[in-house]
Amino acid sequence: MPTSIPHGGTLINRVLHGKEKEETLQRVQNMKKIPLGEVAISDLQLIAMGAMSPITGFLNKDDYESVVQTMHLQNGCVWSIPITLPVTDEIAASVHVGEDVALIEINGNILGTMKITDKFSPDKTREAKEVYRTTDAAHPGVARVLAQGNTCLAGDIWQLNDPTELPFADYHFTPAQLRQMFEERGWKTVVGFQTRNPVHRAHEYIQKCALEIVDGLLLHPLVGATKQDDIPADIRMQSYDVLLREYYPKNRVVLSVFPAAMRYAGPREAIFHAMCRKNFGCTHMIIGRDHAGVGNYYGTYDAQLIFDQFKPEELGITPLKFEHSFFCRTCQAVVTSKTCPHPPAHHVTLSGTQVRTMLANGELPPPEFSRAEVVKVLIEGVRRQAVV
């Protein structure tokens, strides 16, 4: 068994099957329906499969305020991102505490149920300041918080059906499934790698460094809601496939999707990502430069420093903190400032924006930055996207 114990001690499972599911589906017909947006759908899935253990539903006011202020749930478990269900004023006025409601997609597909245990008004400005470290509405996470409804509904959930569109079904593994997979492979230690971008040579370097000290790597790309200018998940998945096929040992890596929405909360989201990967069975988590960051809202290594605010036993997962890596023309290798003595003029570095612009123009990033096979997939994918 992997040595990672689920966060809070028990892996949550809030997915109904068989007779229970059929009986609940019958009762749903008489329940009020609450349509969920893209982020709430992702959160519902993650809660139900146990990725957000020990959370069993959308947070009540006490847990919400505790997470915003202290990065802990009321029960003492580390939790850094408030998982809430904001609704419109109209919906808030139509439901009451103690009521069972159906959670649905816009198309009417019934996703699950929730017993409402609390209704409260979140302090959106305070949430933005504490969680995102800014109240600037230009920050995508802050913009989302400020635009959401003024009332949050809380309560335990049960999932009945998957979303209508479940992308990358062949790579959609629950925490229980991945833990079983790791056990079958004999992995005692597993390192998780969170990404919303294609894997370039610097990523490959830190992943393989990590593989030198653990049994296996979980390449766990986020495929939920992201910024409009991020490379789409389907294009990224193709690039991961070709990279793993050509350059990684097949018995040391598992590719699985992480159906979460990006919050772009930087340091707080790094903790959130680590707790989720702990539930998926990881014992270690790679935390690189500007993890889950956006713009210039966070310091380069703030997402690493935040781990020092917690005791190791509180987290239950070991962060592997990597410096910014790059290709040095003089060293003729991918290195970091810890291992390279040469000034920046010798380094090959490109920003995500620069890479996206090059791909859109059909230009090849230098081979020192990205594998040629990966670049080919990305250029073809970006071109298809432009045509559509």
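Novice: I'm lost on the nonpolar core in this one. Help?
Specialist: Note that soluble globular proteins tend to have their nonpolar side chains buried in a common cluster. In this structure, Leu 36, Met 52, Trp 79, Ile 83, Leu 103 and Met 114 are the most contacted members of the largest nonpolar core, which totals 71 residues. Top element by residues in this core is helix H2 (residues 38-49). It accounts for 7 residues. Setting aside its immediate chain neighbours within four residues, Trp 79 contacts His 7, Met 52, Ser 53, Ile 55, Val 67, Met 71, His 72, Leu 73, Phe 272 and Met 275. Formed by 37 residues, the second largest nonpolar core is a distinct cluster that contains Val 214, Val 334, Leu 378 and Val 382.

Novice: How do you make sense of the side chain of His 7 when you look at a structure like this?
Specialist: Within the secondary structure, His 7 is located in the segment before helix H1 (18-28). A residue is classified by how much of its surface remains accessible, and His 7, at 1% relative accessible area, is buried. Apart from the residues lying within four places of it in its own chain, the contact partners of His 7 are Ser 53, Pro 54, Cys 77, Val 78, Trp 79, Met 275, Lys 278, Asn 279 and Glu 314.

Novice: What should I look at first to understand the environment of Gln 207 in this one?
Specialist: Structurally, Gln 207 is set in helix H8 (residues 201-211). Taking the C-alpha atoms as reference, Gln 207 lies 9.1 Å from Gly 192; in sequence the two are 15 residues apart. In this view, Gln 207 contacts Phe 193, Val 199, Leu 217, Leu 219, Tyr 248 and Ile 286; residues no more than four positions away in its chain are not counted.

Novice: Sorry, what's going on with the sheet that holds strand E8 (residues 190-195) here?
Specialist: Backbone hydrogen bonds hold the strands of a sheet together, and the pairing may be parallel or antiparallel. An order of E10-E9-E8-E11-E12 is seen for the 5 strands of this open sheet, with the pairing classed as parallel. The sheet terminates laterally at strand E10 (253-255) and strand E12 (318-321), the two strands that pair on one side only. Averaged over neighbouring strand pairs, the angle between their axes works out to 25° when direction is ignored. Sheet topology note: the strand E11 (residues 284-287)/E12 ladder contains 4 bridges and is parallel. If you follow Met 285 over to E12, its bridge partner there is Pro 319.

Novice: Before we go on, may I ask you to explain the packing of helix H3 (residues 61-70) against helix H5 (residues 124-132) in this structure?
Specialist: Two numbers describe a pair of packed helices, the interaxial angle and the distance between the axes. The geometry of H3 relative to H5 is characterised by a closest axis approach of 8 Å and an angle of 40° between their N-to-C directions. Here H3 lies oblique to H5, going by the angle between them. Contacts between H3 and H5 involve Tyr 64, Val 68 and Gln 69 on the former and, on the latter, Arg 126, Glu 127 and Glu 130. A breakdown of the residues in the contact of H3 with H5 according to their chemical character gives 2 nonpolar, 1 polar and 3 charged.

Novice: Hey, could you run me through the pairing of strand E5 (residues 110-115) in this one?
Specialist: Regular strands have side chains that alternate between both faces of the sheet. The buried fraction of E5 amounts to 5 of the 6 residues, a majority that puts the element mostly inside the structure. In the sheet, strand E4 (residues 100-104) pairs with E5 via 5 bridges, with the strands oriented antiparallel. Looking across to E5, one finds that Val 101 is bridged to Met 114. Between the antiparallel neighbours E4 and E5 lie 5 residues, among them Gly 108 with a positive phi of about 95°. As defined by bridge partners, E5 adjoins strand E7 (residues 151-159) across 3 bridges and the pair is classed as antiparallel. Residue pairing for E7: Gly 112 is matched across the bridge by Gln 159.

Novice: Help me understand the pattern of salt bridges in this model?
Specialist: Where side chains of opposite charge bring their charged atoms close, a pairing between them can arise. Inspection of the entire model under this criterion finds 8 salt bridges. Between Asp 43 and Arg 263 there is a salt bridge, and its shortest N-O distance comes to 2.9 Å. Placement of the pair is Asp 43 in helix H2 and Arg 263 in the loop between E10 and helix H10 (267-279), with a sequence separation of 220 residues. A residue is classified by how much of its surface remains accessible, and Asp 43, at 1% relative accessible area, is buried. Note that Lys 321 and Asp 308 form a salt bridge whose closest N and O atoms lie 2.9 Å from each other. With Lys 321 in strand E12 and Asp 308 in the loop between helix H11 (302-305) and helix H12 (312-315), the pair connects residues that are 13 residues apart, well separated along the chain.

Conventions adopted
- Residues numbered from 1 in each chain as written.
- Predicted model: local features only at pLDDT ≥ 70, side-chain atom pairs only at ≥ 80, totals over all residues.
- Heavy atoms only, no water.
- Core = buried A, V, L, I, M, F, W, Y, C linked by side-chain atoms within 4.5 Å.
- Buried < 20%, exposed > 50% of the residue type's maximum accessible area, 1.4 Å probe, protein only.
- Helix = DSSP H or I, 4+ residues; strand = E, 2+ residues; numbered from the N terminus.
- Contact = heavy atoms within 4.5 Å.
- Pairing = 2+ DSSP bridges.
- Axes fitted to C-alpha atoms, helices over the stretch in contact; angles between N-to-C directions.
- Parallel < 35°, antiparallel > 145°, perpendicular 65-115°, else oblique.
- Nonpolar A, V, L, I, M, F, W, Y, C, P; charged D, E, K, R; others polar.
- Salt bridge = Lys/Arg side-chain N within 4 Å of Asp/Glu carboxyl O.

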